[in-house]
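The lines below spell out each chain.
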Amino acid sequence: MINTSKSNLVFVVAIIGLIVTAALVLFNLASQGHAAFNGSNLGLHWTFPIVVYDYFLLTSTGLAMIASLMLIFGGAHCQPLVRRCLWLAVAGLVGGVSVLALELGYPVRAIWAIPTSFAVTSPLWWKVMFVIAYVVVLLITVNLLRKPGEWPAAARTSAILLLLAALGVTGIAGVVYGSMTMRPFWSSGDVPVAFIFESLLGGLAFAIFFSYLAHGFSQERMSAPLRDVLTGMLPKVFALAIFVHLMFVGARALIGLYSNAEGLQVWQYLAGTSLFHIELWAGLVLPLLLMLSPGLRSNAGSQTLAALLVMISLFIARYDYIIGGQLVPMFKGAWAPELLSYAPSFTEWMLLLMAIFLANAIYVWGEKKFDLSWCKQA
Amino acid sequence: MAKWGMVIDLDKCTGCQACTTACAMENNRLPGENWQDVLFYTEGTYPNVSMKWFPRPCFHCENPSCVSVCPTRATYKDPEGGFVLIDWNKCIGCKYCQVACPYGVRFFTDEKAVVQPDIRDVFPAKDDRQWDPPYKGPQDDPSRGIGIQPHGVVSKCTFCYHKVSKAPEGVADLDEDIPELKEYVPGCVRVCAPKARFFGDLDNPESYVNKLIADKRGVRLKEETGNKPQVYYLSGGAAAAVPGLRSMKDKS
């Protein structure tokens, strides 16, 4: 069962962390403006805040996809995970969008200027439209499942719409980058599909990790139905998702290292960094081995470790993809090095922590308010 | 309607940066944030080194990727003249246009100053503009991205819209050597000492820019992106050259 005193502690820590990091970020932005970020007109336009925003948004849609699939196809035995996934999706969405709002030049103007522009040629316009639809359907679905008990009949319809909206957001997020033919590191027709699989993997990792976190990393404290899901079907699906994502990462890296296309020089740099190898070996291969082993697959410790490693790996992947796509300058010139250099500023790191604290505060509040662990006992 | 375009003869360009300076003065650019720039680069290794340079304004493309990606229609293609402009009243500073521009000619100037000391601290603005330079010109049209850049928006070369759009209708070329037209000539074209720049109507078969493009085989940069720039380069193999690659060295 949920340990109330521990969840209170997590909530208090999250609130204090949120206040401290938000104060630091807001002070730095008020005093320095966007100079508090390490972006530049040399070519690095989208930096760490966009990495954080996309990571949280796509994790949110991944969680929503998993909850929807469980609602549509899973039947009663998936019940113990659905409410947690949905609320985690809400928490992640708020964390990500708050970071984007602090990165935009005019966030308030964006609220009306984007929807009323009908800029149908812009992938970003479609992404915002799908995000609006996603927010509405997600909140409706959460509300339908707010109270413990049998799922209402409308939940299935709502889940279908939520799945479509989440797929739309994630796929178009891929189009935002994949359609940039002038940036070969980003551009590819398979990027939207890769984003969808990456989101699903992230959703699975977060669902597993936070289910264990809520129960003190102990299967004994879990209800029998939840334990059955976590030791039965879920780790196998998790292994498959890791494998599919690993194929995408490996194929992209191999083609990038092989190709002579301008802009893909960055692969030589990326493949030489420790971050890439942590992403690949510690973040994907090791969790895959853990989930392939019948003895370890059902173990609480190995599941938690695998989920945590995948969560970190996906963040590195998001960072390498967004930053890596901008490292080769558009023009050679005396003013531009072979590769641009970038490291997140202090304010940008604080934005990441702020998003983590904010999402956790919302998540724990929901845990206490909605009893996310509820399930019908057999 | 005219479709204004520019021809830059690289055989005549000396890399003197007069165009860069004139643009900065005309458009109140922050030091280092040049709408019009001349890029310098070296190719080869010692002793087989050649130094090259490349003048680069915004290309005011026929099919601009910056326009198609803008989620608020702040960046738009002006049907009367073919200018690509930014409405600063609609721009939200998402920087997608900067990411999508294959030519790197757009500027979000709220970041760290390129040149120190930060001139924005020396001449601070009282409103939401970036700065308040003592020599600013009278032109101010935020709906076309003209004037002093506000905070939080992207900017770019306007082809000196505030001058060109006032030219008499039907004019084929804007040439500083024609006294009655010189006030309408873009700043970078007007000051070009070796007369390497030409500005005219690409839709007018009588224009000198069309003749130059045809006779000297004008080329456009990065044709493979499909953006179709309205700036053409004439290159006969002198020191200034259209860069063929983005990178300084081969990947191998």
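One structure accompanies this document, and this report is about it. No experiment lies behind these values; they were computed from the predicted model shown.

**Notes on the packing of aromatic side chains**
Residues and elements named next belong to chain A.
Step number 1: Throughout the structure, instances matching the rule amount to 38 aromatic pairs over all chains.
Step number 2: On the numbers, 6.0 Å between centres and 70° between planes, the contact of Phe48 with Tyr319 is edge-to-face. Of this pair, Phe48 sits in helix H2 (residues 48-74) while Tyr319 sits in helix H13 (residues 300-324), and the two are 271 residues apart along the sequence. Tyr319 matches Phe48 in its accessibility class, with the two residues each being buried.
Step number 3: Between Tyr177 and Phe195, the aromatic rings sit 6.0 Å apart at their centres with planes inclined by 45°, giving tilted as the arrangement. Taken together, the positions of Tyr177 in helix H6 (residues 154-178) and Phe195 in helix H7 (residues 191-214) put the pair 18 residues apart, joining distant regions of the chain.

**Looking at the interface of chain A and chain B**
Accessible area lost upon the coming together of the parts serves often as the stated size of an interface.
Step number 1: Each partner contributes residues to the interface: chain A has 56 residues there, and chain B has 52 residues.
Step number 2: Where chain A abuts chain B, roughly 4,400 Å² becomes buried across the two surfaces, and 55% of that area is made up of carbon and sulfur atoms.
Step number 3: Contact with chain B buries surface across chain A, with Asn41, Phe331 and Lys332 of chain A losing the most and accounting together for 20% of the total.
Step number 4: Along the contact surface separating chain A from chain B lie one salt bridge.
Step number 5: Residues Glu103 of chain A and Lys95 of chain B are paired through a salt bridge, measuring 2.7 Å at the closest nitrogen-oxygen approach.
Step number 6: For the side of chain A that touches chain B, the secondary-structure elements that each account for two or more residues are helix H4 (107-117), helix H5 (123-144), H6 and helix H9 (233-258) of chain A.
Step number 7: Considering each element in turn, the side of chain A that touches chain B owes the most residues, six residues, to H4 of chain A.
Step number 8: Residues of the side of chain A that touches chain B, tallied by class, amount to 31 nonpolar, 19 polar and six charged.

**Quick look at the packing of helix H11 (residues 274-292) of chain A against H13 of chain A**
When two helices pack together, their arrangement is given by the angle between the helix axes and the distance between those axes.
Residues and elements named next belong to chain A.
Step number 1: Running from N to C, H11 and H13 cross one another at 150°; their axes reach a closest spacing of 8 Å. Here H11 lies roughly antiparallel to H13, going by the angle between them. In the packing of H11 onto H13, the handedness of the crossing is left-handed. Residues Leu275, Phe276, Ile278, Glu279, Ala282, Gly283, Leu284, Leu286, Pro287, Leu290 and Met291 of H11 touch H13, and the partners they reach there are Ser302, Gln303, Leu305, Ala306, Leu309, Val310, Ser313, Ile316, Ala317, Tyr319 and Asp320.
Step number 2: Broken down by class, the residue content of the contact of H11 with H13 amounts to 16 nonpolar, four polar and two charged.

**Topic: the pairing of strand E1 (residues 4-9) of chain B**
Residue and element names in this part refer to chain B.
Step number 1: Buried residues dominate E1, accounting for six of its six residues.
Step number 2: Along E1, one buried face is formed by Trp4, Met6 and Ile8 and the opposite face, lined by Gly5, Val7 and Asp9, is buried too.
Step number 3: Pairing analysis gives four bridges linking E1 to strand E10 (residues 231-234), with the strands arranged parallel. For Val7, the partnering residue across the bridge sits in E10 and is Tyr232.

**Examining the sheet that holds strand E9 (residues 197-201) of chain B**
Picture the strands of a sheet paired through backbone hydrogen bonds; they go either parallel or antiparallel.
Step number 1: Read from one edge to the other, the open sheet built from four strands follows the order E8-E9-E1-E10 (chain B), with strand pairing classed as mixed. Two strands close off the open sheet at either side, each with one partner strand: strand E8 (173-174) and E10 of chain B.

**Focus on the environment of Thr225 of chain B**
Step number 1: Note on placement: Thr225 of chain B falls in the loop between helix H7 (208-215) and E10.
Step number 2: A residue is classified by how much of its surface remains accessible, and Thr225 of chain B, at 16% relative accessible area, is buried.
Step number 3: The residues contacting Thr225 of chain B, other than those within four sequence positions of it, are Met182 of chain A together with Pro102 and Tyr103 of chain B.
Step number 4: For Thr225 of chain B, the side chain forms a polar contact with the main-chain oxygen of Lys222 of chain B, separated by 2.9 Å.

Conventions adopted
Residues numbered from 1 in each chain as written. Chains lettered and ligands numbered in written order. Predicted model: local features only at pLDDT ≥ 70, side-chain atom pairs only at ≥ 80, totals over all residues. Heavy atoms only, no water. Phe/Tyr/Trp six-rings, centres within 6.5 Å; stacked < 30°, edge-to-face > 60°. Helix = DSSP H or I, 4+ residues; strand = E, 2+ residues; numbered from the N terminus. Buried < 20%, exposed > 50% of the residue type's maximum accessible area, 1.4 Å probe, protein only. Contact = heavy atoms within 4.5 Å. Buried area = accessible area lost by both parts, 1.4 Å probe. Salt bridge = Lys/Arg side-chain N within 4 Å of Asp/Glu carboxyl O. Nonpolar A, V, L, I, M, F, W, Y, C, P; charged D, E, K, R; others polar. Axes fitted to C-alpha atoms, helices over the stretch in contact; angles between N-to-C directions. Parallel < 35°, antiparallel > 145°, perpendicular 65-115°, else oblique. Left-handed = near helix turned anticlockwise from the far one by under 90°. Pairing = 2+ DSSP bridges. Polar contact = N/O pair within 3.5 Å; in protein donor to acceptor, adjacent residues only side chain to side chain.

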